[in-house]
Amino acid sequence: MTDHLVEVTQLRKEFGGLVATNDIDFTVERGSIVSLIGPNGAGKTTFFNQLTGVYQPTSGSILFDGVEVVGMPPHAITALGIGRTFQNIRLFAQMTALENVLVGMHSCLHGGILGSIFRTPKVRREEAAAREKARELLVYSGLPKRHEEQAGSLPYGDQRRLEVARALATDPKLLLLDEPTAGMNPQETATFIAFVRRVRDEKQLTVLLIEHDMKVVMGVSERCTVLEYGEKIAEGTPAVIQSNERVIEAYLGKGAVG
Amino acid sequence: MTGLRHRAWSAAGNRNTVAVVVLLVLALIYPTIVGSLQLVPVIGDFVPKTDSMVVMVVFTTMAIGLNMVVGYAGLLDLGYVAFYAVGAYTAGWFASQQFSQVSIDFGAAGIPDGLPGIHISMWLVLPVAGALTMLAGTAIGIPTLRLRGDYLAIVTLGFGEIVPQVVRNADNVYGFDLTHGTFGITPIDSLGFGAVGAALGLPESFRQSSDRAQWYFWFAVVILLITVFCSVRLRDSRLGRAWIAIREDETAAAAMGVPLMRTKTWAYAIGAFFGGVAGAFYASFKGGAFPADFYFNISVFLLCMVILGGVGSVWGVILGGMLLSYLNVEGLANIGSTIQATGLAFDPTKYQFGIYGSIIVLMMLFRPAGLIPERRHRVEMEEGVHDTPFYDVQREGTLTDRDGSDD
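Residues numbered from 1 in each chain as written. Chains lettered and ligands numbered in written order. Predicted model: local features only at pLDDT ≥ 70, side-chain atom pairs only at ≥ 80, totals over all residues. Heavy atoms only, no water.

**Looking at the overall build of chain B**
When helices and strands are tallied, chain B shows 14 helices and two strands. In chain B, which comprises 407 residues, the share counted as buried stands at 50%. When contacts within chain B are restricted to residue pairs at least 6 apart in sequence, long-range pairs at least 24 apart make up 70% of them. Per element, the accessible surface of chain B, about 18200 Å² overall, is 67% carbon and sulfur. (Helix = DSSP H or I, 4+ residues; strand = E, 2+ residues; numbered from the N terminus. Buried < 20%, exposed > 50% of the residue type's maximum accessible area, 1.4 Å probe, protein only. Contact = heavy atoms within 4.5 Å. Areas by Shrake-Rupley, 256 points an atom, 1.4 Å probe, with all protein chains shown as cover.)

In structure tokens:
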């Protein structure tokens, strides 16, 4: 029996009359790298937002590691082990790179109010250890320096890497990447693909990513799910997806096949 | 690079320590030298009396408290005066003759034996007032902090108006006089060293001593220092980071595991705590709590201090607070009398709100981050931020499929 980390059943989200995700069934196997693809407006990010509790589904269920997460607030879902990045980078621009990662560790730290005011030895130790770990994560994610610089003033590629570092700081079991290679050049993209594989292997993560770049999709993912107009139209290995008629039609229009 | 920054920071830390020590020494000698300062030609006319300094320091303390809510967590609170009111009335309940049905004396300074009413030592009343105000802050916060931005501001504005109205009308709660209505509660007990202090040659009660202003001033400075200390320590803690993260991007903060409601409520409650302590202290200094003290303009006035000094910047807010409250307490009057001495019939105190308004407008035009900007804002002003990523064109087209921003 396969071990599913994520089990989504009949997930439906309506915005007024518009059905953004239409009764989607979806599973992610533990330890795999899965891509979610589809044309603009297919409902991919809405799907992510329901997974992370930003949106409440109209109906349906999401089991994460055996726990129903529908109805839970975003921070609780993060604490369960879902870390994410955003399509349009959402760093805390005025905080330093290091502080951004430290915010990601929020639910792993315990420093209380009185402890913080008096800087008890326990809080000091915890804070020092957190900073150490945050620096390691930054280096690990490809940011060896500029830790004290404001996130907003970092170059674009570094901001993307910082977002991943921040997501990893939440100590996730599942890493959601929303168009992580958008705006990267081919070399950066290739490095990033290698990085995603490495993270998955070394940190025993499961990765779910939204991607437009077919090279990335084919290069990194073990399985693909294709959405169009809120519906799942295909699922399978990248090779199967690549030759699926409906997928080609969705991307290139009718008549493109054959 | 990193090393350099670190050294720069610790240098800043040393400078801060030096600044604190210098200010402390100044505060210690101020009541003694103020008389001679006032004799200095020209500037002597503008030197604030020790009495005025007490008011200035108390209001600065409130501004520091408000800065935790507005500056750190980015929650625009237009009803902070409510916390000042709760603090002042707590002092009224526990340290005056308000509840004359009973007669309790617990270490209160300078009151005759058998005086009716509850008289708890003001030293105890201060933290109690803080705690009660914190509870009030939490109670107000839980229903309102679900709102964002402008909506939150409007609801807090409402609470800021409700509290003085309640205070004004709670003189007959089913026959029970809770607040003494428009007359307010007076006299409220003084701070003092009590009988033990008197034996050591210290004033038993500040109010009855000839150095009333001096003692209140010193302890106002102590309270301000404690507030600043807590404020800075919290800013640099796990909680402070979460506050700033919420200010920067609420959705992203939640996605990083920051519980929004709890974190915001803490900001509100802790900000309220210091407002309550300052309010109780001020009530004791003035000897009363009156509903007319808690108008909306106080909330705005405190907010102006924060904006003038630099939103989020502790040193800035201290400067802004001292400056604006100086103008309010006696500065404008001093300027007015100087102008009138030249024969011009111009009284700036009549135009005080116009003047404060102009100051804020000028600040917004020429120095929007405040007199002493927060470190974060300063870098932003100097280096600029890349806030329009070029990949934005690739954003998914429909309104509904946008990334998380549901506001």
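The structure having been displayed, the exposition proceeds.
**Comments concerning the domain arrangement of chain A**
Residue and element names in this part refer to chain A. Assigned domains within chain A: domain 1 (1–81 + 172–258) and domain 2 (95–166). Here the C-alpha centroids of domain 1 and domain 2 sit 28 Å apart. A buried area of about 930 Å², summed over both sides, lies between domain 1 and domain 2, and 61% of it is on carbon and sulfur atoms. For the domain 1 face of the interface with domain 2, the top three residues by lost area are M184, F195 and K203, together amounting to 36%. The tally of links between domain 1 and domain 2 comes to zero salt bridges. (Domains from an automatic or database assignment. Buried area = accessible area lost by both parts, 1.4 Å probe. Salt bridge = Lys/Arg side-chain N within 4 Å of Asp/Glu carboxyl O.)

**Section: the environment of A129 of chain B**
All names here are of chain B. Here A129 lies in helix α4 (residues 122–144). A relative accessible area of 0% places A129 in the buried class. A129 sits 144 residues away from F273 along the chain, and the two C-alpha atoms are 7.8 Å apart. Excluding residues that lie within four positions of it along the chain, A129 makes contacts with G87, T90, G276 and A280.

**Things to note about the environment of N14 of chain B**
Along the polypeptide, N14 of chain B turns up in helix α1 (residues 2–37). Placed 269 residues apart in sequence, N14 of chain B and A283 of chain B show a C-alpha to C-alpha distance of 36 Å.

**What about the domain arrangement of chain B?**
Residue and element names in this part refer to chain B. Assigned domains of chain B: these are domain 1 (1–40) and domain 2 (54–293). Measuring from the centre of the C-alpha atoms in domain 1 to the corresponding centre in domain 2 gives 27 Å. Between domain 1 and domain 2, the contact holds six residues from the first and five residues from the second. Counting the surface lost from both domain 1 and domain 2, the interface buries some 440 Å², and carbon and sulfur atoms represent 87% of this. Linking domain 1 to domain 2 there are two residue pairs in polar contact (both at pLDDT 80 or more). Along the lines of polarity and charge, the residues of the side of domain 1 that touches domain 2 split into six nonpolar, no polar and no charged. (Polar contact = N/O pair within 3.5 Å; in protein donor to acceptor, adjacent residues only side chain to side chain. Nonpolar A, V, L, I, M, F, W, Y, C, P; charged D, E, K, R; others polar.)

**Observations concerning the side chain of S205 of chain B**
Residues and elements named next belong to chain B. The residue S205 is located in the loop between α6 (194–199) and α7 (212–235) in this model. For S205, a relative accessible area of 3% translates into the label buried. Leave out the neighbours within four places in its chain, and S205 touches A109, G110, S190, L191 and G192.

**Describing the sheet that holds strand β9 (residues 223–228) of chain A**
Residue and element names in this part refer to chain A. Read from one edge to the other, the open sheet built from six strands follows the order β6-β7-β8-β3-β9-β10, with strand pairing classed as mixed. Edge positions in the sheet fall to β6 (82–84) and β10 (231–236), since each of these pairs with one other strand and no more. On average, adjacent strands in this sheet sit at an angle of 20° to one another, irrespective of strand direction. One ladder, built from five bridges, connects strand β7 (residues 174–178) with strand β8 (residues 206–210); its direction is parallel. Bridge pairing in β8 places L174 opposite T206. Together, β6 and β7 form the strand contacts of helix α6 (residues 156–169), whose direction differs from that of β7 by roughly 155°. Running over the sheet, helix α7 (residues 186–203) touches β3 (33–37), β7 and β8 and is turned about 130° from β3. (Pairing = 2+ DSSP bridges. Axes fitted to C-alpha atoms, helices over the stretch in contact; angles between N-to-C directions.)

**A word on unusual backbone geometry**
For the peptide bond that leads from T186 of chain B to P187 of chain B, omega is -5°, which places it in the cis range. Structurally, the position occupied by P187 of chain B is in the loop between α5 (149–169) and α6. The backbone of Q10 of chain A sits at a positive phi, close to 50°, despite the residue not being glycine. Looking at the secondary structure, you find Q10 of chain A in strand β1 (residues 4–15). In this structure Q10 of chain A comes out as partly exposed when scored by relative accessible area, which is 40%.

**Focus on the pairing of β7 of chain A**
Residues and elements named next belong to chain A. Across the five residues of β7, five count as buried, placing the element largely inside the fold. As judged from the three bridges shared by β6 and β7, these two strands associate in the parallel manner. From the neighbouring strand, R84 faces β7, where its bridge partner is L176. Handedness of the crossover joining β7 and β8 through α7: right-handed. (Right-handed = clockwise from strand over helix to strand, strands pointing away.)

**Quick word on the pattern of salt bridges**
On inspection of all chains with the given rule, the structure shows 25 salt bridges over all chains. Among the salt bridges present, the one from E127 of chain A reaches R241 of chain B, with a minimum N-O distance of 2.6 Å. Residue E127 of chain A is located in helix α5 (residues 121–140), and its partner R241 of chain B is located in helix α8 (residues 238–248); the two belong to separate chains. Both residues of the pair, E127 of chain A and R241 of chain B, belong to the buried class. It is possible to trace a salt-bridge network through shared partners that takes in D3, R30, D65 and K173 of chain A.

**A few points about the packing of aromatic side chains**
Scanning the model with the defined rule gives 31 aromatic pairs over all chains in all. Centre to centre, the rings of W123 of chain B and F206 of chain B are 6.2 Å apart; their planes meet at 80°, and the pair counts as edge-to-face. Of this pair, W123 of chain B sits in helix α4 while F206 of chain B sits in the loop between α6 and α7, placing them 83 residues apart in sequence. Relative accessible area serves as the criterion here: at 0%, F206 of chain B is assigned to the buried category. Here the aromatic rings of F206 of chain B and Y216 of chain B are separated by 5.4 Å at their centres, their planes lie at 80°, and the arrangement is edge-to-face. Remark: Y216 of chain B occurs in helix α7 and F206 of chain B occurs in the loop between α6 and α7; sequence separation between them is ten residues. Both residues of the pair, F206 of chain B and Y216 of chain B, count as buried. Over the face of the ring belonging to F86 of chain A we find R90 of chain A, whose NZ or CZ atom lies 5.5 Å from the ring centre. (Phe/Tyr/Trp six-rings, centres within 6.5 Å; stacked < 30°, edge-to-face > 60°. Lys NZ or Arg CZ within 6 Å of the ring centre and 35° of its normal.)

**Some remarks on helix α11 (residues 296–309) of chain B**
Turn by turn, an α-helix covers 3.6 residues, leaving residues three or four places apart pointing in a common direction. All names here are of chain B. Taking 1.5 Å of rise per residue, the 14 residues of α11 would be expected to cover 20 Å, and the 20 Å separating its terminal C-alpha atoms lies within 8% of that figure. In terms of burial, α11 is largely enclosed, as ten of its 14 residues are buried. Listing the buried residues of α11 in full gives I298, S299, F301, L302, L303, C304, M305, V306, L308 and G309. Where α11 is buried, its residues touch α2 (50–72), α3 (81–94), α12 (314–341) and α13 (352–366). (Expected span 1.5 Å × (residues − 1).)

**Quick notes on the sheet that holds strand β5 (residues 67–68) of chain A**
Residues and elements named next belong to chain A. The four strands are arranged β2-β1-β4-β5 in an open sheet whose pairing can be described as antiparallel. Of all strands in the sheet, those bounded by a partner on one side alone are β2 (18–29) and β5. Along the sheet, helix α1 (residues 44–51) contacts β1, β2 and β4 (59–64); its crossing angle with β1, the most-contacted strand, is approximately 115°.

**Description of the packing of α11 of chain B against α13 of chain B**
All names here are of chain B. Two elements in contact, α11 and α13, have axes separated by 11 Å at closest approach and are oriented at 35°. Our pair here, α11 against α13, has a crossing hand that is left-handed. Within the contact between the two elements, α11 uses N297, F301, C304, I307 and L308 and α13 uses F353, Y356, I359, I360, M363 and M364. Split into classes, the residues belonging to the contact of α11 with α13 amount to ten nonpolar, one polar and no charged. (Left-handed = near helix turned anticlockwise from the far one by under 90°.)

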